[in-house]
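# Geometric and topological summary
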Amino acid sequence: MFRRTGTERTGRTDRTDRRVQDHGTGAAEPALRLVKVSKTYGSDDSAVTALDEVTLSLASGTFTAVMGPSGSGKSTLLQCAAGLDRPDSGIVMVDGAEMTGGTEAELTKFRRNRIGFVFQQYNLLDTLTVAQNTVLPLKLARRRVHRGRVRETLTAVGLGDRLGHRPDQLSGGQRQRVAIARALVTEPSVIFADEPTGALDTRSARDVLRLLQDAVRVHGRTVVMVTHDPVAASYADSVLFLADGRLVGEMRRPTVDAVAERLAHVGDDVMAGA
Ligand SMILES: Nc1ncnc2c1ncn2[C@@H]1O[C@H](COP(=O)(O)OP(=O)(O)O)[C@@H](O)[C@H]1O
Ligand SMILES: [Mg+2]
């Protein structure tokens, strides 16, 4: 069930070749597939259904934003889809391999090799340098560290001259760019970002969004980003709208105005039915 990735065995070429083939046939497995994923917190009177049979499929090499009111289940969706939490029921598949159902150790291994994360608060280790933070996922996955690759990745996010700095010597925007380098370095199937620009000024936010876009367009990654900001969402190829733990809409080629307009009415019918 838990396939080894091509990258683990042979480095980058295998993965790149496969991606090209996938594009050629048009019959590729979706990078991410959720089938009837449900998650309830608490029990009895205090039970909250955070996700209610969510089914979705995201093609490889796409950038998707997830939006919805506070408490609509966005973070829970991300946690379950990324294997950080387990759904109560339903299936999560990454590149056609089922992630749900294995042991904790298998899930951890799978996650380390296939999934990248970017969090609102960066989650860098203050005692490590920029370069050390970036290679950490490779070390955790017991994969080879190519120094040149690490430098290349940090240069791509504009931090080629900051390898020896520590996070507290960097601005918020720079820290988030380290987090993006850290997410890219394992060449994961899917990168999940939860409000990655939530703590940033407008200009740093734009840099981060462009880097996430590049991760998709240049490096062929698949990115799923939770955001409440229509400007951030407009960088994505499509937006999924959540309300009350359910998918209630999708918008392709989102514009700032269209997203803001839609967001104002998301959950109206859920509220009307309540
Ligand atoms: N650990 C938890 N324990 C209890 N309830 C939770 C927990 N995490 C989330 N919830 C509840 O689940 C619902 C969805 O939460 P969340 O996924 O964080 O929504 P969002 O990210 O859209 O704001 C909310 O009602 C929230 O209060
Ligand atoms: Mg949230």
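As shown above, the structure is provided for reference.
Quick summary incoming for the structure in this document. All residue numbers refer to positions counted from 1 along the written sequence of the respective chain. As a convention, the first chain written is A and the first ligand written is 1, with the rest following in written order. Under the rules for a predicted model, residues below a pLDDT of 70 receive no local features and side-chain atom pairs below 80 are neither given nor counted, while totals for whole chains, interfaces and linings still include all residues. Computation of side-chain values covers all heavy atoms of the structure but excludes hydrogens and water.

Moving on to the packing of helix α5 (residues 130-140) against helix α7 (residues 172-184). Pairs of packed helices are described in terms of their axes, by the angle between the two and the distance that separates them. To obtain an axis, a line is fitted to C-alpha atoms, over the contacting stretch when the element is a helix, and the angle between two such axes runs from 0 to 180 degrees between their N-to-C directions. In this text, helices come from DSSP runs of H or I with a minimum length of four residues, and strands from runs of E with a minimum of two, each type numbered from the N-terminal end. Where α5 meets α7, the closest approach of the two axes is 7 Å, and the angle between their N-to-C directions is 35°. The crossing of α5 and α7 is right-handed. On α7, the residues touching Val130, Asn133, Thr134 and Pro137 of α5 are Val178, Ala181 and Arg182. Within the contact of α5 with α7, the residues separate by chemical class into four nonpolar, two polar and one charged. The sense of a crossing depends on the near helix, which, turned anticlockwise from the far helix by less than a right angle, makes the crossing left-handed and, turned clockwise, makes it right-handed. We call two residues in contact when some of their heavy atoms are within 4.5 Å. Three residue categories are used. Nonpolar comprises Ala, Val, Leu, Ile, Met, Phe, Trp, Tyr, Cys and Pro, charged comprises Asp, Glu, Lys and Arg, and polar comprises the others, including Gly.

With that out of the way, let us pick up the pairing of strand β9 (residues 238-243). We call a residue buried when its accessible area falls under 20% of the maximum for its residue type, exposed when it is over 50%, and partly exposed in between, using a 1.4 Å probe and counting protein chains only. Summarising burial for β9: six of the six residues are buried, a large majority. Of the two faces of β9, both are covered, the one formed by Ser238, Leu240 and Leu242 as well as the one formed by Val239, Phe241 and Ala243. A pair of strands is considered paired only if DSSP assigns at least 2 bridges between the two. As judged from the four bridges shared by strand β3 (residues 63-67) and β9, these two strands associate in the parallel manner. Bridging across to β9, Ala65 finds its partner in Val239. Where β9 meets strand β10 (residues 246-252), six bridges bridge the pair, whose relative direction is antiparallel. Across the sheet, residue Leu240 finds its bridge partner in β10, namely Glu250. As consecutive antiparallel partners, β9 and β10 are separated by two residues, and within that stretch Asp244 has a phi angle of approximately 55°, a positive value.

All right, on to the pattern of salt bridges then. Any Lys or Arg side-chain nitrogen located within 4 Å of an Asp or Glu carboxyl oxygen qualifies as a salt bridge. According to the stated counting rule, one finds eight salt bridges in the structure shown. Of the charged contacts, one joins Asp85 and Lys39 as a salt bridge, the two residues approaching to 3.3 Å between their closest N and O atoms. With Asp85 in the loop between α3 (74-81) and β4 (89-94) and Lys39 in strand β1 (residues 32-41), the pair connects residues that are 46 residues apart, well separated along the chain. Take Asp85: its relative accessible area is 25%, and that puts it in the partly exposed class. The salt bridge partner of Arg246 is Asp52, with a shortest N-O separation of 2.7 Å. With Arg246 in strand β10 and Asp52 in strand β2 (residues 48-58), this pair connects stretches of sequence that are 194 residues apart.

Quick look at the nonpolar core now. With 45 residues, the main nonpolar core has Phe63, Leu154, Ile180, Met225 and Val239 as its most contacted residues. Among the elements that take part in this core, helix α8 (residues 202-217) stands out by supplying seven residues, more than any other. Contacts of Phe63, omitting those with residues within four sequence positions, involve Leu209, Leu212, Gln213, Val216, Val223, Met225, Tyr235, Ala236, Asp237 and Ser238. To define a nonpolar core, start from buried Ala, Val, Leu, Ile, Met, Phe, Trp, Tyr and Cys residues and group those joined through side-chain atoms within 4.5 Å. Counting residues in hydrophobic clusters, the runner-up holds 28 residues, among them Ala31, Leu32, Cys80 and Val226.

Throughout, near means a residue has at least one heavy atom within 4 Å of the molecule or strand. Near ligand 1 the following residues occur: Tyr41, Val48, Ala50, Pro69, Ser70, Gly71, Ser72, Gly73, Lys74, Ser75 and Thr76. Residues adjacent in sequence count toward polar contacts only when both atoms are side-chain atoms; beyond that, a polar contact is any pair of N or O atoms within 3.5 Å, and within protein one must be able to donate a hydrogen and the other to accept it. One of the side-chain N or O atoms of Lys74 is found 2.8 Å from an oxygen atom in ligand 1. Each accessible area is a Shrake-Rupley estimate made with a 1.4 Å probe; only the visible protein chains count as cover when residues are assessed. Coverage of ligand 1 by the protein amounts to 57% of the 560 Å² it exposes when considered alone. Listed by contribution, the elements that provide at least two residues to the shell around ligand 1 are β2 and α3. It is α3 that provides the largest number of residues to the shell around ligand 1, a total of three residues. Residues that form the shell around ligand 1 fall into these classes: four nonpolar, six polar and one charged.

What follows covers the environment of Met225. Looking at where Met225 falls in the secondary structure, it is placed in strand β8 (residues 222-226). In this structure Met225 comes out as buried when scored by relative accessible area, which is 0%. The spatial distance from the C-alpha of Met225 to the C-alpha of Asp194 is 5.8 Å, given a sequence separation of 31 residues. Discounting residues that sit within four places of it in the chain, Met225 has contacts with Phe63, Thr64, Ala65, Val66, Ala193, Pro196, Leu209, Leu212, Ala232 and Ala233.

Taken by themselves, the reported measurements are silent on function.
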